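Breakdown of the fold
Next come the chains, spelled out residue by residue.
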Amino acid sequence: MFDLFTILEMNSTMKATTTESLSQMKWLNQIKSFNSVEDIRKWLAERYPEFTPERLTRLVIVGAADEGVRLADICAKEGIRVEAHVDDHPQKQGITVGSQTIQPLNFLTEVDPEIPVVIASHRVLKVMERVWAMGFQHVAPFGLLEVLSSKLFPPHMFYVGLLEDLIDNCDRYIELMERVADEMSQLVLDAVLGYRLTFDPRILAPIVEWDLYGAKNLIQYEQDEVYVDGGAFDGDSIRLFLDRVEGKFSRVLAFEPDQETFQRLAKNFVDDPKIEAINAGLHRRKGVLRFDNAGTRGSIFTESGEFEIPVVGLDEILGSDRVTFIKMNIEGAELEALRGGKQAIQNWGPKLGISLYHNPADLWTLPQEIGALRSDYKFYIRQHDGGIIETVLYALPG
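Described below are features of the structure shown in this document. (Residues numbered from 1 in each chain as written. Predicted model: local features only at pLDDT ≥ 70, side-chain atom pairs only at ≥ 80, totals over all residues. Heavy atoms only, no water.)

1. A few points about the side chain of T261
So the rule is basically this: Numbering of helices and strands runs from the N terminus, with a helix taken as a DSSP run of H or I at least four residues long and a strand as a DSSP run of E at least two residues long. Burial status follows relative accessibility: with a 1.4 Å probe on protein chains alone, a residue under 20% of its type maximum counts as buried, one over 50% as exposed, and anything between as partly exposed. Whether two residues are in contact is decided by their heavy atoms, any of which lying within 4.5 Å being enough.
With respect to the helices, strands and loops of the structure, T261 is situated in helix α12 (residues 259-268). Assessed through its relative accessible area of 8%, T261 is described here as buried. Excluding anything up to four places from it in sequence, T261 contacts F233, D234 and E256.

Take a look at the structure:
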């Protein structure tokens, strides 16, 4: 683990001047110093010895959603003793997962603070701060286990090839560092790479903006916005958009492939004729895709998948119609969806808000794809949560 002095030094570095931050690129330079993925794993094992397969014989699990259940199942199979399993969500408390009844987080005050604690969530910063404050010394995200021993802990899609991407594509990240349009994006990119290397979310703390898709002083809205929401869920991000435009807009196209979620989405906006809910995911073209959800937050598209979802290309829906803002958070299908919206992007140059975290290489491949579609976009990267998720690229027309 990193001690408090080291973390404070990290945070001080993140607040350095433009010249200093660019000359240091602390975490990108650290990545450049490694010769192989195994070098990184050895480095991580030295810093998190309690979480290596040889020493991890017992643990505490924080989080009882899909990833927490998955971790508990692995522990039962591998003979790792779960000493406590906690979650502050009221609907989780009292249920049984494996050998443990789910307790609130404060239950950990009764647990031996020498026991390793694994945060089975993708939002880790705030909860890890709480666990550290209780005196626990060995605390790490589930993702760390997945990269230290992928055979023992099969990785979630967010972590598949994560370390390989850092090693193989370091030059791509140097190019992206030079391509982004402001100092904040450079600081964010370096911090995101730092988290992916170290799994310590305190590196992200100085640069997180908690207002999702609301990056400070970046996006200017007009009164006739045409907003495309790829991955609309039940309309949470649409409500954020409506607040930001103060209800003044021309049209919203909301794409949601899950039938049950789509029904909630459509019901939530049934009284507004300017908001059109579409029961399909965004992709390259109209069709049906199969996927496996594997009991995790991420869904992996595969020809042998158990589930089917309808998809459509954005150009097929828009035709020649105008669009001013496209948001995509679509479980790893962003690259294909961008290709399916090629004409709209080239013709209209809309503002883009694109998730960069579903696949590790999305962090550089999606900016590269957008740059190939239109060379006049300016790139800004912002981090909207304290963990692997909610890294967003804002591509704004020059």
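2. Comments concerning helix α11 (residues 236-244)
To be explicit about the condition: Working note: the arc is built from the helix axis to C-beta atom directions.
What α11 keeps buried is the set S237, I238, F241 and L242. The buried residues of α11 occupy one face: seen down the axis, they fall within an arc of 145°. Backbone geometry just after α11 places E246 at a positive phi near 55°.

3. Observations regarding the environment of D165
Rules: Counting of polar contacts relies on pairs of N or O atoms within 3.5 Å, with two restrictions inside protein: one atom must be capable of donating a hydrogen and the other of accepting it, and residues adjacent in sequence are counted only when both atoms are side-chain atoms.
Note that D165 resides in helix α8 (residues 162-168). Through-space distance from the C-alpha of D165 to that of W43 is 17 Å; in sequence the pair is 122 residues apart. Discounting chain neighbours no more than four positions away, the residues touching D165 are C170, Y173, P360, A361 and W364. Separated by 2.8 Å, the side chains of D165 and N169 make a polar contact.

4. Some remarks on the sheet that holds strand β6 (residues 139-141)
The test is simple: Paired strands are those between which DSSP finds at least two bridges. Geometry is summarised by axes, namely lines fitted to C-alpha atoms with helices restricted to the contacting stretch, and by angles between N-to-C directions that run from 0 to 180 degrees.
Across the sheet, which stays open at both edges, the 4 strands sit in the order β2-β1-β5-β6 with parallel pairing between neighbours. Edge positions in the sheet fall to β2 (81-86) and β6, since each has one partner strand and no second. Pairs of neighbouring strands in the sheet enclose a mean axial angle of 25°, with direction left out of account. Alignment of strand β5 (residues 117-119) against β6, held across 3 bridges, turns out to be parallel. The residue of β6 that forms the bridge with V117 is V139.

5. Considerations on empty space enclosed by the protein
Put simply, the rule is: Buriedness for pockets is judged along seven lines, at least five of which must meet protein on both sides within 12 Å for an open set on the 1 Å grid over protein atoms alone, while cavities are sets there where a 1.4 Å probe fits but cannot get out, and lining residues have an atom within 4 Å of a point. Grid points are joined across faces, edges and corners, and a volume is the space filled by probe spheres set on the points. As a working rule, the residues Ala, Val, Leu, Ile, Met, Phe, Trp, Tyr, Cys and Pro are called nonpolar, Asp, Glu, Lys and Arg charged, and the rest polar, with Gly in that last group.
In the structure shown here, the tally under the stated rule is 4 cavities of 30 Å³ or more. Considering only enclosed or pocket space, the second largest cavity measures out at about 50 Å³ in volume. If you go around the second largest cavity, the residues you meet are Y213, Y221, Y227, S237, L240, F241, R244, F325 and K327. Among the elements that take part in the lining of the second largest cavity, α11 stands out by supplying 4 residues, more than any other. Looking at the lining of the second largest cavity residue by residue, the classes come out as 6 nonpolar, 1 polar and 2 charged.

6. What to know about the packing of aromatic side chains
As a reminder of what qualifies: Each Phe, Tyr or Trp ring, with Trp reduced to its six-membered ring, pairs with another whose centre is within 6.5 Å; inter-plane angles below 30 degrees give stacked pairs, above 60 give edge-to-face pairs, and intermediate values give tilted ones.
Under the definition given, this model contains 11 aromatic pairs. When the centroid spacing of 5.4 Å and the interplanar angle of 85° are considered together, the rings of F158 and Y357 count as edge-to-face. A residue pair is termed long-range when its members are at least 10 positions apart, and F158 in the loop between α7 (142-148) and α8 and Y357 in the loop between β15 (351-355) and α16 (362-373) qualify at 199 residues. Judged by relative accessible area, which is 0%, Y357 ranks as buried. Ring geometry for Y159 versus F199: centroids 6.1 Å apart, planes at 35°, classification tilted. One end of the pair, Y159, is in the loop between α7 and α8; the other, F199, is in the loop between α10 (183-198) and β7 (226-230), and 40 residues separate them in sequence.

7. Concerning the pattern of salt bridges
Our working definition: Put simply, a salt bridge is a Lys or Arg side-chain nitrogen that is within 4 Å of an Asp or Glu carboxyl oxygen.
Taken as a whole, this structure holds 26 salt bridges when the rule is applied. Here E276 and R251 are joined by a salt bridge, their closest N and O atoms 3.6 Å apart. With E276 in strand β9 (residues 275-278) and R251 in strand β8 (residues 251-255), this pair connects stretches of sequence that are 25 residues apart. Given the relative accessible area of 37%, E276 is considered partly exposed. By relative accessible area, which is 24% here, R251 ends up partly exposed. It is possible to trace a salt-bridge network through shared partners that takes in R284, E336, R339 and E369.

8. Things to note about the sheet that holds strand β14 (residues 325-328)
Through backbone hydrogen bonds, the strands of a sheet pair up, either in parallel or in antiparallel fashion. Taken together, the 7 strands give an open sheet; going across it, the order is β9-β8-β7-β14-β15-β17-β16, and neighbouring strands pair in mixed fashion. The sheet is open, and its two borders are formed by β9 and β16 (377-383), each paired with just one other strand. Neighbour-to-neighbour, the strand axes of the sheet open up by a mean angle of 15°, direction not taken into account. Where β7 lies against β14, 4 bridges are found, and the strand directions are parallel. Directly across from V228, in β14, lies its bridge partner I326. The sheet contacts of α10 involve β16 and β17 (391-397), and relative to β16 the element is tilted by about 50°.

9. Some remarks on unusual backbone geometry
For F199, which is not glycine, the phi torsion reads 65° and is therefore positive. Overall, F199 belongs to the buried group, its relative accessible area being 1%.

10. Concerning the pairing of β7
Sheet faces and side chains relate simply in a regular strand, where the side chains alternate between the two faces. Quick reminder of the rule: When the strands point away from the viewer and the connection leading from the first strand across the helix to the second strand turns clockwise, the crossover is called right-handed.
In terms of residue burial, β7 counts as a mostly covered element, since 5 of its 5 residues are buried. By the alternation rule, side chains of β7 split into V226, V228 and G230 and Y227 and D229, which are all buried. The β-α-β motif built from β7, the intervening α11 and the parallel element β8 has right-handed crossover chirality.

These figures come from the coordinates and say nothing about function on their own.
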